[in-house]
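Breakdown of the fold
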Amino acid sequence: MNSLSPCTPPHPDAPLTIGAFAQASRLSLKALRLYDDLGLLAPARVDPDSGYRYYSPRQLPQARLIGLLRQLGLSLADIRAVLDAPSPQQAPLIRTHWNAAEGDHLRRRALAHYILRSLQGEPAMTSHFHVQQRSVSAQPVLTLTRHVRVDDLPGFIEQQLHELPRMVVEAGAAVAGAPFVVYHGQVNPDSDGPVEVCVPYRGNLAPRGAFVLREEPAHVEAYVTLTRAQFAFPGILDAYDAACAHAAAHGTASALSPREVYPHDWNTLEGGDPAGDVAWPFEPC
């Protein structure tokens, strides 16, 4: 017997009313109607006169699978992808979802520890960061600013770190420094930045569409160099705290927003490779 089948299945050829099928599958009538409307689990037959739905006991394994996948946290769209996939691909799809869910749980647990540490007045985890300070000259930059949802942020940054340097080179100018990403506001489930990706350039460029040319003013910034692995959220918050603490200890707040600097090709880096900087502009005393 299929492991997703009920313990005592009815006769495989006896049609079941929606009520009987709900009882056998342990799914609610509301859920069965929703799954029918979405094409996830259509009745085996609908009476053309009465409109009554009839199910086959052979549909019980699929019904139970849908219910279990919902408990696992899959969206209805993800469940549709699993059901539509060939049988050999269903388990890998579920495994991919679960691996992502476990990664999300680890990030939330680390974020909870960060919040609790702050609320309980425990020392910030900043002492193991080597905070440095540098002066940055004024420089022209090609930029793109977007309001970005948290789930879309990594893809947006990765795409524009590739796109903006390409635009500079294709226009006959030259990339004149490391690209950087300015966070003009927080990016979280309730706030979408905005976020500005910037590429310093040298030569002649013309603005195009949503891309803007501006001058990034000269400034001083505290910065922490991180490996690719250390850029992961929420661990990166400690690096921001370290840079911010250095800035507060050595000066006053700047009108410029914090940023991340990416001097290396992200896709070529291993987890332990130096990947870039978290930088906090400030006005030195």
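Now for a description of the structure that goes with this document. (Residues numbered from 1 in each chain as written. Predicted model: local features only at pLDDT ≥ 70, side-chain atom pairs only at ≥ 80, totals over all residues. Heavy atoms only, no water.)

Regarding the packing of aromatic side chains
Heads up, the rule is: Ring pairs shown here join Phe, Tyr and Trp side chains whose ring centres sit within 6.5 Å, with only the six-membered ring taken for Trp; geometry is labelled stacked below 30 degrees between planes, edge-to-face above 60, and tilted in between. What counts as a helix is a DSSP run of H or I of at least four residues, what counts as a strand is a run of E of at least two, and both are numbered from the N terminus. Only protein chains enter the accessibility calculation, which uses a 1.4 Å probe. A residue is then buried if its area is under 20% of the maximum for its type, exposed if over 50%, and partly exposed in between. Comment: the charge-over-ring label is applied if NZ (Lys) or CZ (Arg) is within 6 Å of the ring centre and within 35 degrees of the ring normal.
The full count for this structure, using the stated rule, is 5 aromatic pairs. Look at phenylalanine 21 and tyrosine 55: their rings are 4.4 Å apart centre to centre, the planes differ by 15°, and that puts the pair in the stacked class. Taken as a pair, phenylalanine 21 in helix α1 (residues 18–25) and tyrosine 55 in strand β3 (residues 53–55) lie far apart in primary sequence, 34 residues in all. Accessibility expressed as a relative area gives 1% for tyrosine 55, which makes it buried. Aromatic rings pair up to connect Phe231, Tyr262 and Trp266 into one cluster. Note that arginine 134 overlies the ring of tyrosine 223, its terminal NZ or CZ placed 3.8 Å from the centroid.

Looking at the sheet that holds strand β1 (residues 16–17)
Which entries qualify depends on this criterion: One requirement defines pairing of two strands: DSSP has to find at least two bridges between them.
Here 3 strands make up an open sheet; going across it, the order is β1-β3-β2 and the pairing antiparallel. Pairing within the sheet leaves two strands with one partner each, and these edge strands are β1 and β2 (45–46). Of the pairings in the sheet, the one linking β2 to β3 comprises 2 bridges and is antiparallel in character. Across the sheet, residue valine 46 finds its bridge partner in β3, namely arginine 53.

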